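Understanding the architecture of this molecule
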Amino acid sequence: MYIKFLPNQYVMHYRKGALVESGAGLSFHYFHESTAAAVIPVSGMDADFIYSTKTSDFQSVSVQGQIAYRITDCERIAELMNFAVDLRTKQYFDDPLKKLSKRILNIADVMVKRRIEMIDLKTAVQSNHKLAREILGEFGEIEELRALGVAVTGFSILNISAGTETQRALEAKTREEILKESDDALYERRNASIEQERRVKENELNTDISVEEKKKQIRETEIATKRMLMEKENELKRIEVAAENERKRMIRDAEIENEQIRIDAEIELERKRRELAELRLENAKKDADAEAYRLGAIMEAYNRLSPDVLVALATLDMEPEKMIAGAFEKLAASGANIGTLNITPDLLESLTVR
């Protein structure tokens, strides 16, 4: 057969009395005659309680609340309590959860009564939250719960109430106290009104005195302020005069310095100009010497040539018009040796057309 458990159930699977496996949410096949299982819930559980006890002044009270707990050590509690289930119905053979809840409630009962018996009725009905915190802290020290593998995760006291007659007596006493407090408040309010009126008149007088004192202080402050303003104005005028003198001196010094700089610049410029003129004159002399040397070398070379060669060299790059003019000039120079020379217009036109 096959069975499956929920994830919030810790299962201990036994076969022939021996533990086969354990864990949360197990599922397995089994033979009914030789298989057993213990199922321990691992989710949180809670239980409600109502305790009746007496306070230190022998008054009966009823304590109502809730306790939350969970199993932290499944294997330990399985050894101490019977969590075996019928595999066919998944029902417990015994009722371990009810027994566990009753055991925890009994422990809480003892703790609550011990606390309540140490305080009076009025304190008890007003201290449910404080008692709940103190008792919750004590649960961690209970050896019986540690032995079971159980941890209390929450403890709350919803109400601590006295009996009907006692409650009425408390209400009556409280009502009388409230009425007395109301009368005392009315008396104190009247006295406070008288005292307040006296204080108002005293404050008015003190206010008038303070106003006159303030006026006096204001007048003194105004006089001191005017005197200080006059001193400041005089000081400011002295500073302005000194600043103006200093400004004029700085301007005069700057003008002198600028004039000196200008004169020095002009002197330097004239010096540079003189140096430039000397340099140009020296360069011109050098150029003239070089040109004279070049012309001398050329003339010396021409002197070594014959006149005919010089004439041929002169006509190398000469234009045709100039060459014709030169020829006519030579004819004119030797005209005494020429008998007859005919120069027709066609010849002149052919010579001039390029």
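Structure: above.
The structure displayed is predicted, hence computed values, not measured ones.

Across 6 bridges, strand 2 (residues 9–15) lies against strand 3 (residues 18–24) in antiparallel orientation. The residue bridging Tyr 10 from the neighbouring strand is Ala 24, located in strand 3. Joining the antiparallel neighbours strand 2 and strand 3 is a turn of 2 residues, in which Lys 16 adopts a positive phi near 55°.

The next thing to look at is the nonpolar core. By size, the foremost hydrophobic cluster in this structure holds 40 residues, and its most contacted members are Ile 40, Ile 67, Ile 71, Leu 100, Ile 116, Phe 139 and Phe 155. If one sorts the elements of this core by residue count, helix 2 (residues 96–116) sits on top with 8 residues. When residues no more than four places from it in sequence are discounted, the contact partners of Ile 116 are Thr 53, Lys 54, Thr 55, Ser 56, Val 61, Val 63, Ala 124, Leu 131 and Ile 160.

Once that is clear, we can look at the sheet that holds strand 2. On the basis of which strands lie adjacent, the open sheet formed by 3 strands has the order 3-2-5 and antiparallel pairing. Looking at the sheet topology across the chains shown, the edges are occupied by strand 3 and strand 5 (35–41). Across the sheet, the mean angle from the axis of one strand to that of its neighbour is 15°, orientation sign disregarded. Note that strand 2 and strand 5 share 7 bridges and pair antiparallel. By the bridge assignment for strand 5, Tyr 10 is matched with Ile 40.

Inspection of the secondary structure puts Gly 65 in strand 7 (residues 60–71). Of the residues examined, Gly 65 reaches a relative accessible area of 2% and is grouped as buried. In sequence terms Gly 65 and Ile 50 are 15 residues apart; their C-alpha atoms lie 6.6 Å from each other. Those residues within four positions of Gly 65 in sequence are excluded, and the remaining contacts are Ala 47, Asp 48, Phe 49, Ser 156, Ile 157 and Leu 158.

Each value, and the rule that gives it
Each residue is numbered by its place in its chain's sequence as written, counting from 1. The predicted nature of this model means local features are confined to residues of pLDDT at least 70 and side-chain atom pairs, given and counted, to a pLDDT of 80 or more, with totals for whole chains, interfaces and linings taken over all residues. Here the side-chain values reflect all heavy atoms present in the structure, with hydrogen atoms and water set aside. By the convention used here, strands pair only if DSSP detects at least 2 bridges between them. Only DSSP runs of H or I covering at least 4 residues are called helices, and only runs of E covering at least 2 are called strands; the numbering of each starts at the N terminus. Put simply, a nonpolar core is a bunch of buried Ala, Val, Leu, Ile, Met, Phe, Trp, Tyr and Cys residues held in one set by side-chain atoms that sit within 4.5 Å of each other. Burial classes follow relative accessibility: with a 1.4 Å probe on protein chains only, a residue under 20% of its type's maximum area counts as buried, one over 50% as exposed, and anything between as partly exposed. Every residue pair with non-hydrogen atoms within 4.5 Å of one another is taken to be in contact. The convention used is that axes are lines fitted to C-alpha atoms, helices contributing only their stretch in contact, and that angles between N-to-C directions extend from 0 to 180 degrees.

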